[in-house]
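Fold and contact review
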Protein chains: 6
Amino acid sequence: MKTTAVFPGSFDPFTLGHQAIVEKALLLFDELAIAVGVNAGKQSLFTVDERVQSIKDVFKGDARVRVEPYEGLTVDYCKKAGATHMVRGLRTVADFEQERLMAQANKLMLPSVETVFLLASPEQTFISSTVVRDVLKSGGDASNFLPEIKP
Amino acid sequence: MKTTAVFPGSFDPFTLGHQAIVEKALLLFDELAIAVGVNAGKQSLFTVDERVQSIKDVFKGDARVRVEPYEGLTVDYCKKAGATHMVRGLRTVADFEQERLMAQANKLMLPSVETVFLLASPEQTFISSTVVRDVLKSGGDASNFLPEIKP
Amino acid sequence: MKTTAVFPGSFDPFTLGHQAIVEKALLLFDELAIAVGVNAGKQSLFTVDERVQSIKDVFKGDARVRVEPYEGLTVDYCKKAGATHMVRGLRTVADFEQERLMAQANKLMLPSVETVFLLASPEQTFISSTVVRDVLKSGGDASNFLPEIKP
Amino acid sequence: MKTTAVFPGSFDPFTLGHQAIVEKALLLFDELAIAVGVNAGKQSLFTVDERVQSIKDVFKGDARVRVEPYEGLTVDYCKKAGATHMVRGLRTVADFEQERLMAQANKLMLPSVETVFLLASPEQTFISSTVVRDVLKSGGDASNFLPEIKP
Amino acid sequence: MKTTAVFPGSFDPFTLGHQAIVEKALLLFDELAIAVGVNAGKQSLFTVDERVQSIKDVFKGDARVRVEPYEGLTVDYCKKAGATHMVRGLRTVADFEQERLMAQANKLMLPSVETVFLLASPEQTFISSTVVRDVLKSGGDASNFLPEIKP
Amino acid sequence: MKTTAVFPGSFDPFTLGHQAIVEKALLLFDELAIAVGVNAGKQSLFTVDERVQSIKDVFKGDARVRVEPYEGLTVDYCKKAGATHMVRGLRTVADFEQERLMAQANKLMLPSVETVFLLASPEQTFISSTVVRDVLKSGGDASNFLPEIKP
């Protein structure tokens, strides 16, 4: 059976930690849809178009990966994308509890899609979009936290 | 000694999980006051009147239950309501830590009222007002998460 | 409806923290059975008879409290004791998770009995039977952790 | 690329929760090796042969599943089994932290094998081998916690 | 080697819990800089000038303590202040996880500064600026949570 | 004031993670006593003499460090050693909760000694004596987890 996973997030911005999760997911699923959430109620640092484009730049040339914006419920995007799985990275206990609640609520709404969890690497555990935004807003250098763009 | 418990919350909206806590509390206390918090600083999906009314609809006919809006500190409402206890539901570790801090601060401010904790059922652990609001805002079907209204 | 709660534990030994939970429980339940577990597989510091007797000494004269040893499943003891509730103290996140699992398993085996959780006081949170046993084994003074016996 | 996952555990005994993890894993991996750990230092309720046989009985007829005992490091078994992944179930925060440490230590020792985490269902979260052993030792009925054997 | 620690926070307001951390830090470091964060994106109850002044009032006469506002990254303030360490208080598991992420990100950006953690006292664990703000906003009495000002 | 910290543990064996904590502690305290606990009730992999000697080998030539075995309560050793502080490493949430309980109980028994917490580095978070013992018992190579001995 072909597997298609959705990796949903706001990716504001997409970090080295996210990139590592994608790379691990590609050893597990036939196709991966990176779904960039548009959250009307939340102020983002980067526009959804900037976020989508920067992720496309990281994985360009890899036909298994597509990058798309989405609005509304993640389960609705999963249906549209023909997903068999969702994939999420786990860094902390707080992540885990939040993700467990979301996965169980999603499972009730869309029983055909199972959530699969992958771990951040130890040396990337502390990298989060929140930290990167704080660094960028203060005019700091965030290159240690962000993917290198292939030329 | 007659026991009167206050069950405080924002109930935006009141979920199946909240209903289960109330039903368990009614096996423990003589009277239960469901106290619907008005938080001036926070945007709610439902007005406080809508929230109070919908909870009244769930428990109509049960003389042990009253439903009231309140502003300000929960301990001040408890004093006014003649409470002997507060009751709270626990779902997650994050809930527990937050609730422990609140209960201990409340105890310092109002030593005569003790907080009692009840558990969500396993199959309702993932139901939260936040999840329900997300579903409703996206035009989804939240009926799996909400109480049936008695006709 | 008369409420009867079982407070199960190994109480090896019964600490100031346990005493506080009992006192809070007596404001909530009509009767309380303190059930002292006999765990064949675990080495205890005090015999079950010593543990039962020392708890009886703390609550002597209070007709609402009985203290009994038990073997086997806690739910079986609850049935025998005519319990409507179980009561447990919560100190830490680790406690909470362990207690949630136990309460949910017990609920599946004996649906008529609900578990109610009470908090340790902030200044007693760090008191545990394990700490007291360590102090006693090293010949230290554990009186700060233990109930005063009424003369 | 063919994926082969190892699901290691002591499975003393194999519960409904373990069965659900296996079923979810079979939607993700081409082959699954259930590896039953022999822990010389720990007393088990069932012999390793009993545990292996009872798991074989659950999945008999499914050629993708093999069940084997192992001793020593899990990473050494993974090498021998040609594993591309390990799979583990997550129930609680305590599980998560323990599993993260193990997965990171295993990754250092065997970088080619990634650990994938799946969630227990909400209504199975409280099922653990420890609970089942307690029930069985007390002569209770554990059938609610155990897989049905196909005739 | 002379040690200089930075104790960063928003201190909105500075509580008894913060005061206890400072007093413990003064037994450990030669100098302490209390750094009051100016967060442009967040509404505060007290202005940064009020917060700085009220902390100065608490420690006036102690030449080892200085109190300063700062904007931008904490690591940049640490560089400017000649810090050898950062100091943070830990109350809850949620604190710990958040602090660990911050400390690890800060360490990557400024390897010469190590974060040191001190514990709140048990009877102050539940005191947080958030609780104090809630009490003050509701017109309650927060004096149990705040330092006494030396006349 | 001269500061003397005690770093207590069973160190069975002393890992790279322990070594990092010692190195961080030496930037904070004037003297450090590494106290190797003798736990009569627990089976250890290495004898207390082997553990003391291997730690001495790591820090030989550093006059600020002494390594000693101890029996009984850690607070009693601290008194004997003239300690002003205890130092402990934190890796996980489970560590944190356990350490908080211990530190608070110790503080009640010996108020003059404060516990200070330092973090493991991200890439050493998963290193524990337990993992090392498992590797060694299975005949594996644990050199990635252990300090290099200075020749």
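These numbers come from a predicted model, not from an experiment.

So, the overall build of chain A
When you go through chain A residue by residue, the secondary structure sums to 5 helices and 5 strands. When the helices and strands of chain A are placed in sequence order, the string is β-α-β-α-β-α-β-α-β-α. Expected size for 151 residues packed as a compact globule is a radius of gyration near 15 Å; at 15 Å, chain A falls within 12% of this value. Seen through its C-alpha atoms, chain A measures out along the principal axes to roughly 45 × 35 × 30 Å. A total of 151 residues make up chain A; the buried ones form 57% of that total. A sequence separation of at least 24 residues applies to 78% of the contacts in chain A between residues at least 6 apart.

Examining the interface of chain D and chain A
Listed per partner, the contact involves 26 residues of chain D and 26 residues of chain A. Ranking the residues of chain D by area buried against chain A places D:Leu28, D:Phe96 and D:Leu119 at the top, with a combined share of 27%. Taken together, the links from chain D to chain A amount to 5 residue pairs in polar contact (both at pLDDT 80 or more). Contributions of two or more residues to the side of chain D that touches chain A are made by strand E4 (85-90), helix H4 (93-109) and strand E5 (114-119) of chain D.

Things to note about the packing of aromatic side chains
Counted according to the given criterion, the structure contains 27 aromatic pairs over all chains. With a centroid separation of 5.4 Å and 55 degrees between ring planes, the pair formed by A:Phe11 and A:Phe14 is classed as tilted. What makes A:Phe11 buried here is its relative accessible area of 3%. Ring centres of C:Tyr70 and C:Tyr77 lie 5.3 Å apart, and the angle between their planes is 40 degrees; on these two criteria the pair is classed as tilted. Overall, the relative accessible area of 2% leaves C:Tyr77 in the buried class.

Section: the relation of the copies chain D and chain A
If you rotate chain D by 180 degrees and push it 0.0 Å along the axis, it lands on chain A with an RMSD of 0.0 Å. Each copy turns onto its partner about a two-fold axis. For chain D, the residue whose C-alpha comes nearest the rotation axis is D:Phe117, separated from it by 2.4 Å. Most of the interface of chain D is mirrored in chain A, where 100% of its interface residues are also at the interface.

Structural notes on helix H4 (residues 93-109) of chain E
Here H4(E) spans 24 Å end to end across 17 residues, near enough to the 24 Å set by a 1.5 Å rise per residue. Residues of H4(E) that are buried include every one of E:Val93, E:Asp95, E:Phe96, E:Glu97, E:Glu99, E:Arg100, E:Leu101, E:Ala103, E:Gln104, E:Ala105 and E:Asn106, and no others.

Topic: the packing of helix H4 (residues 93-109) of chain A against H4(D)
Interaxial distance between H4(A) and H4(D) falls to 10 Å at its minimum, and their mutual angle equals 125 degrees. As the angle between them shows, H4(A) and H4(D) are arranged oblique. Of the two possible hands of crossing, H4(A) and H4(D) adopt the one that is right-handed. Taking contact as the criterion, the partners of A:Val93, A:Phe96 and A:Glu97 in H4(A) are, on H4(D), D:Val93, D:Phe96 and D:Glu97.

Focus on the side chain of B:Arg51
All names here are of chain B. Its location among the elements puts arginine 51 in helix H2 (residues 48-59). Notably, arginine 51 is buried but unbridged: the nearest opposite-charge side chain belongs to aspartate 12, and the N-O separation is 4.1 Å. The residues contacting arginine 51, other than those within four sequence positions of it, are Ser10, Phe11, Asp12, Val36, Gly37, Ser44 and Phe46.

Thoughts on the side chain of A:Thr74
All names here are of chain A. Tracing the backbone through its elements, the reader meets threonine 74 in helix H3 (residues 74-81). Among the residues examined, threonine 74 registers a relative accessible area of 15% and is labelled buried. Each residue touching threonine 74, except ones within four places of it in the same chain, is listed here: Pro8 and Met86.

A short note on the pattern of salt bridges
Within the structure shown, the criterion is met by 60 salt bridges over all chains. The partner of E:Lys2 in a salt bridge is E:Glu31, with the nearest N and O atoms 3.1 Å apart. Remark: E:Glu31 occurs in strand E2 (residues 31-37) and E:Lys2 occurs in the segment before strand E1 (4-9); sequence separation between them is 29 residues. A salt bridge links E:Asp76 to E:Lys79; the shortest N-O distance between them is 3.8 Å. With E:Asp76 and E:Lys79 both in helix H3 (residues 74-81) and 3 residues apart, this pair spans about one turn of that helix. Taken together, the shared-partner salt bridges in this structure form one network comprising A:Lys2, A:Glu31 and A:Arg66.

Some points on helix H3 (residues 74-81) of chain B
Residues and elements named next belong to chain B. Every buried residue belonging to H3 is among Thr74, Val75, Tyr77, Cys78 and Ala81, and all of these are buried. All buried residues of H3 project into a common sector of 155 degrees when viewed along the axis, lining one side. Facing away from the buried side of H3 by over 90 degrees, the exposed positions are Lys79 and Lys80. On its buried face, H3 is in contact with strand E1 (4-9), strand E2 (31-37), strand E3 (65-70), strand E4 (85-90) and helix H4 (93-109). Positive backbone phi, approximately 65 degrees, marks glycine 82, located one or two places after H3.

Digging into the confidence of the model for chain A
Residue-level pLDDT values for chain A average 94, and 98% of them are 70 or greater. For this predicted complex, the interface confidence comes out at an ipTM of 0.94, alongside a pTM of 0.93.

Structural notes on unusual backbone geometry
The bulk of non-glycine residues show a negative phi, and the bulk of peptide bonds are trans. For the bond from B:Asp12 to B:Pro13, the omega torsion is 5 degrees, close enough to zero to count as cis. A positive phi angle, close to 50 degrees, is found at A:Phe11, a residue other than glycine. Relative to the helices and strands, A:Phe11 is located in the loop between strand E1 (4-9) and helix H1 (16-25).

Thoughts on the environment of B:Ser121
On the secondary structure map, B:Ser121 appears in the loop between strand E5 (114-119) and helix H5 (129-137). The residues contacting B:Ser121, other than those within four sequence positions of it, are B:Lys24 and C:Gln104.

Things to note about the environment of E:Val52
Residue and element names in this part refer to chain E. Examined against the element boundaries, valine 52 turns out to sit in helix H2 (residues 48-59). In the structure, valine 52 is positioned 15 residues away from valine 67 in sequence and 6.2 Å away in space, judged by C-alpha atoms. When residues no more than four places from it in sequence are discounted, the contact partners of valine 52 are Val36, Val67, Glu68 and Pro69.

Examining the pairing of strand E4 (residues 85-90) of chain F
Residue and element names in this part refer to chain F. As paired elements, strand E1 (residues 4-9) and E4 share 2 bridges and run parallel to each other. The residue bridging alanine 5 from the neighbouring strand is histidine 85, located in E4. Bridge analysis of E4 against strand E5 (residues 114-119) gives 6 bridges, and the strand direction is parallel. The partner of glycine 89 across the bridge, within E5, is leucine 118. Where the polypeptide runs from E4 across helix H4 (residues 93-109) and back to E5, its parallel neighbour, the crossover connection is right-handed.

Reading the values: rules and limits
Residues numbered from 1 in each chain as written. Chains lettered and ligands numbered in written order. Predicted model: local features only at pLDDT ≥ 70, side-chain atom pairs only at ≥ 80, totals over all residues. Heavy atoms only, no water. Helix = DSSP H or I, 4+ residues; strand = E, 2+ residues; numbered from the N terminus. Rg over C-alpha atoms; globule rule 2.2 N^0.38 Å. Buried < 20%, exposed > 50% of the residue type's maximum accessible area, 1.4 Å probe, protein only. Contact = heavy atoms within 4.5 Å. Buried area = accessible area lost by both parts, 1.4 Å probe. Polar contact = N/O pair within 3.5 Å; in protein donor to acceptor, adjacent residues only side chain to side chain. Phe/Tyr/Trp six-rings, centres within 6.5 Å; stacked < 30°, edge-to-face > 60°. Least-squares fit on C-alpha atoms with pLDDT ≥ 70 in both. Expected span 1.5 Å × (residues − 1). Axes fitted to C-alpha atoms, helices over the stretch in contact; angles between N-to-C directions. Parallel < 35°, antiparallel > 145°, perpendicular 65-115°, else oblique. Left-handed = near helix turned anticlockwise from the far one by under 90°. Lys, Arg positive; Asp, Glu negative; His and termini not counted. Salt bridge = Lys/Arg side-chain N within 4 Å of Asp/Glu carboxyl O. Arc of directions from axis to C-beta. pLDDT = per-residue confidence, 0-100. Pairing = 2+ DSSP bridges. Right-handed = clockwise from strand over helix to strand, strands pointing away.

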